Number of protein chains: 2
Amino acid sequence: MDNTEMYKSLDIDLKAHDALMGALPVLFQECFLNKEQELKNLSYFYSVIADIHGARVKELVDHKTKGPVIGSFCIYVPEEIVLAACGQLVGLCAGADFWVPYGEQVVPKNLCPLIKAGVGAKYSRTCPYFQVVDLLIGENTCDGKKKTWEIFSDMVDMYIMDMPNKKSNEGLKLWQEEVKNLCNFLEKKFSKSITFDSLLNGIQKVNAKRNALRRLYNTRKNSPTPISGIDALLVTQIGFYDDIERYTKMVDALAQECEERASSLSSKNNSKKRILVTGSPMVVPNWKIHHVIETSGADVVVEENCTGTRYFKDNVSIENASTKEDLLKNISDRYINNINCACFSPNIGREEDILSLCKDYRVDGIVYVSLSFCTTYMVEAERIRKVAKENNIPMITLESDYSFGDLGQLRTRIEAFVENL
Amino acid sequence: MDNTEMYKSLDIDLKAHDALMGALPVLFQECFLNKEQELKNLSYFYSVIADIHGARVKELVDHKTKGPVIGSFCIYVPEEIVLAACGQLVGLCAGADFWVPYGEQVVPKNLCPLIKAGVGAKYSRTCPYFQVVDLLIGENTCDGKKKTWEIFSDMVDMYIMDMPNKKSNEGLKLWQEEVKNLCNFLEKKFSKSITFDSLLNGIQKVNAKRNALRRLYNTRKNSPTPISGIDALLVTQIGFYDDIERYTKMVDALAQECEERASSLSSKNNSKKRILVTGSPMVVPNWKIHHVIETSGADVVVEENCTGTRYFKDNVSIENASTKEDLLKNISDRYINNINCACFSPNIGREEDILSLCKDYRVDGIVYVSLSFCTTYMVEAERIRKVAKENNIPMITLESDYSFGDLGQLRTRIEAFVENL
């Protein structure tokens, strides 16, 4: 299908967009299509990537007649509230090196590639998701993003949620207010009234998505794992921008297939080492680390990051909630209590999460990956290293960006790490 | 005087400390003693630096029998409350390149030199100020510091104040609670009761220090300026760890001398360009940028940074305060409303401050200096650049660390900038 007219209506720079789209198929072929694949339900997710700037963008354009399309950069932005306001939430974190030089025209080079690529995607007018959104909801989870909102706000309509840096009583109160404020803001901004029922409906949809992803991830606890790490990562990544109900159904179908495959594989001996990946988020098309690990003879069995367990590990409670305020309180609690982002200090919950994932997923080694200049995760590596050591779990710390210049070096280090497990 | 016994009692690494102290006199000679100096009241401040690890450390050691010595890394830690708890507040920000390699053993290289040097100073046991403190009060003003407290807390007793990222109502409330919590914590921790009177007394002392510094800085509005920028910077830097009452007296005496000198100079023609320096803090012995500017034919007439106007520009109000709670509220208000740190987003107040300083100090050009990897100030440079351009004030943006490797490059850029003013 030719999307040219749609792209024109979204003010996309067609020539630059063509250059961007030229790079993706090669990468996708290399990371996904060249390997053995027995799970037939993955084909849906592969097709989403193959048409990444097509059908889904069209759906979002069409949705705009019914409600807003809202972009976010963080799993701290409550999708429940956006859904309750008849909105669709789209993850705008950008994972392509293509956008980095564009971003570096506006922000310093010493920022993480995710932020630079995000700025570059907007600045270059080559990402239809950026072009389609009516509003971008930012959040103050790191200095880089917090300060970059000031630059974004010259290019796009923005609303910013503040975050505390400590999970203290005061921090909790601040976050509760921010959640309420978001609700009020969206109601006003888009003239949609958010009711108990619409909020409950939103919560149920997002909880169902989380349930499906947990079901899928649970199958990875099996040895051998029924799904490769890179495929599981891809599935989670797509959850950030796909239609939530269709996506949930497709993840459930894939999970069921994985459950069956796990049973049929259970008699086989697994000689592969099992890796937990943890650190900064990995967003489409950043598949680099998984690709290197899984072509170095190991399996990634779980990701403790924002494009992994942190995204879906806990539901919003709907028990004992009889008012909209109760539901907002439950939303606020779920996010602040259960997402153990390195933006918090201290962040003991993450240490506990990693240890329990290592146990549940029978992990042989931890690959700790920070995006370059991602200060919070880089510094927190020191504490996780200590905890891993105390628990006799080998760990390697990597720092990388979106370029491919360090592939050889990464492969050497990862192969040596896997060999020594 | 031989301080060896005192250093031993503070568990200082004597050999490494000797190496550190070898470097300082050369730098001090180059930056201060080689230039013409007509202000006799500067000799006190020069002598403080010349004996930086001597008499003042001894005073702090002696003070410990009366009350705590408390370290901080930020002008957001309210000195008033520390004084009210019979404490002495010492600025621990570290400005020497010597400590950076020590710090890099524990924290990532991609952190600002101020943090790396701070960690290194403690880790190497070569800074008597770090060794003498009973408690370090951290604050969450940037990702680097926020996460580094987790590493510091393995080496030293720490208390951390959270900060909001927005000056919103919720942010204000969070900060008010943090100020109250600090007060309660110090009372309990050091068994000192903080009363209305002791708090009032603390406020009056810090306000007097601020008044003296403002009086001194006001003399720099004259053209020609009666005091060089590097000398004024030195005076402000010393305010972070000197005895507050003696210091205030000495600044007042210097300010009076500068007032007189300004009158006698007023008939002279000033051909030198007048520079405002803004950006990240500059702490002892980081005199690099001022030294280069002032040996390139220009005068630094004001610093809009934490070792400049941000440190002292507004007093804590004591009007209409009849209870301890009133005073704590006034303290909280003064800090959150008047310090326009780049940790806030948006940070419009800083744009206004810079513009009004440019006017009051008759500034010809702005030198914007970020420490390497100081994300908040680096990104905010873009907005300040816009504001400066709109107001036809030339601005140059520099990024530098504590090393001397970039001195030549800095000089070339600064000379070209000054020449074009």
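For the structure itself, look to the data block above.
These remarks concern the structure in this document. (Residues numbered from 1 in each chain as written. Chains lettered and ligands numbered in written order. Predicted model: local features only at pLDDT ≥ 70, side-chain atom pairs only at ≥ 80, totals over all residues. Heavy atoms only, no water.)

### Looking at the sheet that holds strand 5 (residues 273-279) of chain A
Residues and elements named next belong to chain A. This is how the line gets drawn: What makes two strands pair is DSSP finding at least two bridges between them. Secondary structure follows DSSP: runs of H or I at least 4 residues long count as helices, runs of E at least 2 residues long count as strands, and numbering of each begins at the N terminus. Only the stretch in contact is used when a helix axis is fitted, and all axes are lines through C-alpha atoms; the angle between N-to-C directions ranges over 0 to 180 degrees. Residue contacts are counted whenever heavy atoms from the two residues lie within 4.5 Å of one another.
With parallel pairing, 4 strands are arranged side by side in an open sheet as 6-5-7-8. Among the strands making up the open sheet, the edge pair consists of strand 6 (298-304) and strand 8 (395-400). Averaged over all adjacent pairs, the angle separating strand axes in this sheet is 25 degrees, with direction ignored. For strand 7 (residues 365-371) and strand 8, the ladder comprises 6 bridges, and the chain directions are parallel. Bridge pairing links Tyr368 to Thr397 in strand 8. Strands in contact with helix 18 (residues 375-390) are strand 5, strand 7 and strand 8; relative to strand 7, the strand with the most contacts, it is inclined by about 170 degrees. Across the sheet, helix 19 (residues 407-419) touches strand 5, strand 6, strand 7 and strand 8, and the angle it forms with strand 8 is around 170 degrees.

### Thoughts on the relation of the copies chain B and chain A
The following threshold applies: Alignment of the copies relies on least squares applied to C-alpha atoms, considering only residues that score at least 70 for pLDDT in both.
Once turned by 180 degrees and shifted 0.0 Å along the axis, chain B lies on chain A with an RMSD of 0.0 Å. Between the two chains, the operation in question is that of a two-fold axis. The share of interface residues of chain B whose copies in chain A are also at the interface is 100%, consistent with both copies meeting through the same surface.

### Observations regarding the nonpolar core
Defined as follows: By nonpolar core we mean a set of buried residues, namely Ala, Val, Leu, Ile, Met, Phe, Trp, Tyr and Cys, connected to one another through side-chain atoms within 4.5 Å. Per-residue accessibility, obtained with a 1.4 Å probe over protein chains only, is compared with the maximum for each type, and a residue is labelled buried under 20%, exposed over 50%, and partly exposed between these values.
Counting residues in hydrophobic clusters, the biggest one holds 148 residues, and the most contacted among them are Phe45(A), Ile81(A), Trp287(A) and Val367(A). Sorting elements by how many residues they give to this core places helix 11 (residues 196-219) of chain A first, with 7 residues. Dropping the residues within four chain positions of it, Val367(A) is found in contact with Ile275(A), Leu276(A), Val277(A), Thr278(A), Ile289(A), Ile293(A), Ile396(A), Leu398(A) and Phe417(A). Counting residues in each nonpolar core, the second largest holds 147 residues, with Leu10(B), Ile293(B), Ala298(B) and Cys358(B) among its members.

### Structural notes on the interface of chain B and chain A
So the rule is basically this: Here the buried area means the combined drop in accessible surface, using a 1.4 Å probe, for two parts upon being joined, counting both sides. Between Lys or Arg on one side and Asp or Glu on the other, a salt bridge is scored when a side-chain nitrogen of the former is within 4 Å of a carboxyl oxygen of the latter. Two N or O atoms form a polar contact when they lie within 3.5 Å of each other; inside protein one atom must be a possible hydrogen donor and the other a possible acceptor, and for residues adjacent in sequence the pair counts only when both atoms belong to side chains. In this classification, Asp, Glu, Lys and Arg are treated as charged, Ala, Val, Leu, Ile, Met, Phe, Trp, Tyr, Cys and Pro as nonpolar, and every other residue, Gly included, as polar.
The interface is formed by 43 residues belonging to chain B together with 43 residues belonging to chain A. A combined buried area of about 3,700 Å² lies between chain B and chain A, and 52% of that area is made up of carbon and sulfur atoms. Its largest share of buried area at the contact with chain A, chain B owes to Asp143(B), Lys147(B) and Asn165(B), together 17% of the area lost on that side. Here chain B and chain A share 6 salt bridges between them. For the interface between chain B and chain A, the tally reads 29 residue pairs in polar contact (both at pLDDT 80 or more). Within the residue set of the side of chain B that touches chain A, elements represented by two or more residues are helix 9 (143-152), helix 10 (169-189) and helix 18 (375-390) of chain B. For the side of chain B that touches chain A, the leading source of residues is helix 18 of chain B, giving 8 residues. When the residues that make up the side of chain B that touches chain A are grouped by side-chain class, the tally is 16 nonpolar, 12 polar and 15 charged.

### Thoughts on unusual backbone geometry
Note the cis peptide between Ser223(A) and Pro224(A), where omega equals 0 degrees. Secondary-structure assignment places Pro224(A) in the loop between helix 11 and helix 12 (229-238). One non-glycine residue with positive phi stands out, namely Arg125(B), at about 50 degrees. Even without being a glycine, Asn392(B) presents a positive backbone phi close to 55 degrees. With respect to the helices, strands and loops of the structure, Asn392(B) is situated in the loop between helix 18 and strand 8 (395-400). For Asn392(B), a relative accessible area of 68% translates into the label exposed.

### Points about the pairing of strand 2 (residues 88-91) of chain A
In regular strands, side chains alternate between the two faces of the sheet. Residue and element names in this part refer to chain A. Where we set the bar: Assignment of crossover handedness uses the view with strands pointing away from the viewer, where a clockwise path from the first strand over the helix to the second indicates a right-handed crossover.
Alignment of strand 1 (residues 69-72) against strand 2, held across 4 bridges, turns out to be parallel. Across the sheet, the residue bridging to Ile70 is Leu89, located in strand 2. At this point the chain moves from strand 1, through helix 5 (residues 79-84), to the parallel strand 2, and the crossover so formed is right-handed.

### Some words on the pattern of salt bridges
According to the stated counting rule, one finds 75 salt bridges over all chains in the structure shown. For Asp333(A), the salt bridge identified is with Lys329(A), shortest N-O distance 2.8 Å. Of the two residues, Asp333(A) and Lys329(A) both sit in helix 16 (residues 324-338), 4 residues apart, roughly one turn of that helix. The class of Asp333(A) is buried, set by a relative accessible area of 18%. Ionic pairing is found between Arg246(B) and Asp242(B), a salt bridge with its closest N-O pair at 2.8 Å. Residues participating in the shared-partner salt-bridge network are Lys147(A), Glu150(A), Glu304(B), Arg310(B), Arg350(B) and Glu380(B).

### Here's the deal with the environment of Lys145(A)
Residues and elements named next belong to chain A. Within the element layout of this structure, Lys145 appears in helix 9 (residues 143-152). Of the residues examined, Lys145 reaches a relative accessible area of 10% and is grouped as buried. The sequence separation of Lys145 and Lys116 amounts to 29 residues, and the corresponding C-alpha distance is 9.7 Å. From its side chain, Lys145 meets the backbone oxygen of Phe73 in a polar contact 3.0 Å long.

Bear in mind that shape data such as this cannot, by itself, settle questions of function.
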